[in-house]
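Summary of the model geometry
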Amino acid sequence: MTLAATAPQGFLSPTGVEIVFLLVGVVTLGAALITVTSKQLVHAALWLVVTLGGVAVEYLLLTAEFIAWMQVLIYVGSVVVLLLFGLMLTKAPIGPSPDADSGNRWAALAVAGGAAAALVWVVVDAFRTQWIDLDTAQGSTGDVGAILFRHWVLPFEALSVLLLAALVGAIVLSRKNGTTNEESRQGSQAREASEGRREEGKS
Amino acid sequence: MHLAYPAVLAALLFCVGLYGVLARRNAILVLMSVELMLNAVNLNLVAFDVWLRDSLHAGQALTLFTIAIAAAEIGIGLAIVLMVYRNRGTSDVDRLRDTAEGPDDDTDDADDTDEAAAAAKKAEATA
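What you see as residue numbers is a count from 1 along each chain, following the sequence as written. Whichever chain is written first becomes A and whichever ligand is written first becomes 1, with later ones labelled in order. Only residues with pLDDT of 70 or above have their local features reported here, since the model is predicted, and side-chain atom pairs are shown and tallied only from 80 upward, although totals for entire chains, interfaces and linings are computed over all residues. Here the side-chain values reflect all heavy atoms present in the structure, with hydrogen atoms and water set aside.

**Some details on the overall build of chain A**
Secondary structure elements follow DSSP: runs of H or I no shorter than four residues count as helices, runs of E no shorter than two count as strands, and numbering proceeds from the N terminus. For chain A, the count of helices and strands is seven helices and zero strands. Beginning at the N terminus, the succession of helices and strands in chain A can be written as α-α-α-α-α-α-α. Counting every position in chain A, which comprises 203 residues, the buried fraction comes to 32%. Here the accessible surface of atoms and residues is derived via Shrake-Rupley with a 1.4 Å probe, and residues count as covered only by protein chains that are part of the display. Summed over its atoms, the accessible surface of chain A is roughly 12,100 Å², and 69% of this surface lies on carbon and sulfur atoms. Burial status follows relative accessibility: with a 1.4 Å probe on protein chains alone, a residue under 20% of its type maximum counts as buried, one over 50% as exposed, and anything between as partly exposed.

Okay, here's the thing in structure tokens:
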């Protein structure tokens, strides 16, 4: 529909934006590979920051400015911090943990490799002759804000209800249950009492 | 820009995330790989939105919604992982086999000892 302008472009004469996109893409993909293969759990979380930041730069190169800053704010700013909190609250080991990968690693590698080959083949075959026109910016903050609050208001409000529900759900799930807490306290008191008795018997 | 660049990058990122989901053992690393897959989908949405010059910017609006839903998902997911860790003393998805059928019946014993260890640990912590 918009892509009559396919004349002078080609694979063999990449533009500057394409070269930068390719370089940032290589960095992003490498960081993603380290994220899923690193034996050190905290390092995996920190390489995830590099991956998400690289994706934000790709958004900027695609002229989707608002999405890029949202990506930096929400993913790099909060999701990674939540993941690090989770790693520390589950007492993740600081050094390398040899059992980070499961035993079905080779099956996973086969599935992922097959999926990658199929997807890349289909995508390249389908969009071989399509070009994105980046001359006019498509995602400036003003545009996206106007569209979001003019045409997408109802989903936006539904999303705020969903976020509230998720917040309440997370609080309910992570709150310590009163009755089990009471039981475990009673159990520990009983154990203390029996240990005390044993020590008295020893002495 | 050629459309194949963002599309191929998104496909490869998705497959890296797929490998992570299937191959990782720690539940939090599985959640990180899910984030990678969601990012691949977001990149596709933005690229096709810019390509189509959609007047409603449906792709970018959907990307914002996906980012918000991913944040909600990571919050709930971490709460569940922390609860499992508190009850079982592990966040290893290979050892949460209560609903699994199979020939390996010894996993039940392992789970019992895990639960006992976790209960002892909790008792120590509250004492």
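There is more to say after this.
**Thoughts on the packing of helix α4 (residues 105-126) of chain A against helix α1 (residues 4-23) of chain B**
Across the interface, α4 of chain A lies against α1 of chain B with an axial gap of 9 Å and an inter-helix angle of 165 degrees. As summarised for this structure, α4 of chain A and α1 of chain B are arranged roughly antiparallel, according to the angle between their axes. Of the two possible hands of crossing, α4 of chain A and α1 of chain B adopt the one that is right-handed. Along its contact with α4 of chain A, which presents R105, A108, L109, V111, A112, A115, A116, L119, V120, V123 and V124 of chain A, the element α1 of chain B presents A7, V8, A11, L12, F14, C15, L18, Y19, L22 and A23 of chain B. When grouped by side-chain class, the residues that make up the contact of α4 of chain A with α1 of chain B number 20 nonpolar, no polar and one charged. In this analysis an axis means a line fitted to C-alpha atoms, helices contributing only their contacting stretch, and an angle means the value between N-to-C directions, from 0 to 180 degrees. Any angle from 65 to 115 degrees is called roughly perpendicular, while one under 35 is roughly parallel, one over 145 is roughly antiparallel, and all others are oblique. Rotating anticlockwise by less than a right angle from the far helix to the near helix defines a left-handed crossing, while the corresponding clockwise rotation defines a right-handed one. Here, two residues are considered to be in contact whenever any of their heavy atoms come within 4.5 Å of each other. Under this grouping Gly is polar, as are all residues other than the nonpolar Ala, Val, Leu, Ile, Met, Phe, Trp, Tyr, Cys and Pro and the charged Asp, Glu, Lys and Arg.

**Overview of the pattern of salt bridges**
We count a salt bridge whenever a side-chain nitrogen from Lys or Arg sits within 4 Å of a carboxyl oxygen from Asp or Glu. Summed over all chains, the structure comprises eight salt bridges over all chains. Residue R88 of chain B pairs with D98 of chain B through a salt bridge whose shortest N-O separation is 2.4 Å. Here the residue R88 of chain B occupies a position in helix α3 (residues 58-88), and D98 of chain B occupies one in the loop between α3 and α4 (106-126), the gap between them amounting to 10 residues. For D98 of chain B, a relative accessible area of 44% puts it in the partly exposed group. One connected set of salt bridges, linked through shared partners, spans K39, D101 and R105 of chain A together with R24 of chain B.

**Thoughts on unusual backbone geometry**
Backbone geometry places T63 of chain A, a non-glycine residue, at a positive phi of 65 degrees. Considering the arrangement of structural elements, one finds T63 of chain A in the loop between α2 (41-61) and α3 (65-89). Even without glycine at this site, H57 of chain B takes up a positive phi of about 50 degrees.

**Thoughts on α1 of chain B**
Helical periodicity: at 3.6 residues per turn, an α-helix aligns residues three or four positions apart in one direction. Helices are assigned an expected span. That span is 1.5 Å times one less than the residue count. In this model α1 of chain B runs 28 Å from its N-terminal to its C-terminal C-alpha over 20 residues, within 8% of the 28 Å that 1.5 Å per residue would give. Of all 20 residues that make up α1 of chain B, 16 are buried, and the element is covered over most of its length.

**Re the confidence of the model for chain A**
Values of pLDDT, the confidence the predictor places in each residue, fall between 0 and 100. In the predicted model, chain A carries a mean pLDDT of 83, and the fraction of residues at 70 or more is 81%. Ignoring residues within four places in sequence, the model shows residues 1-7 of chain A, a span with pLDDT below 50, making eight contacts including any to other chains.

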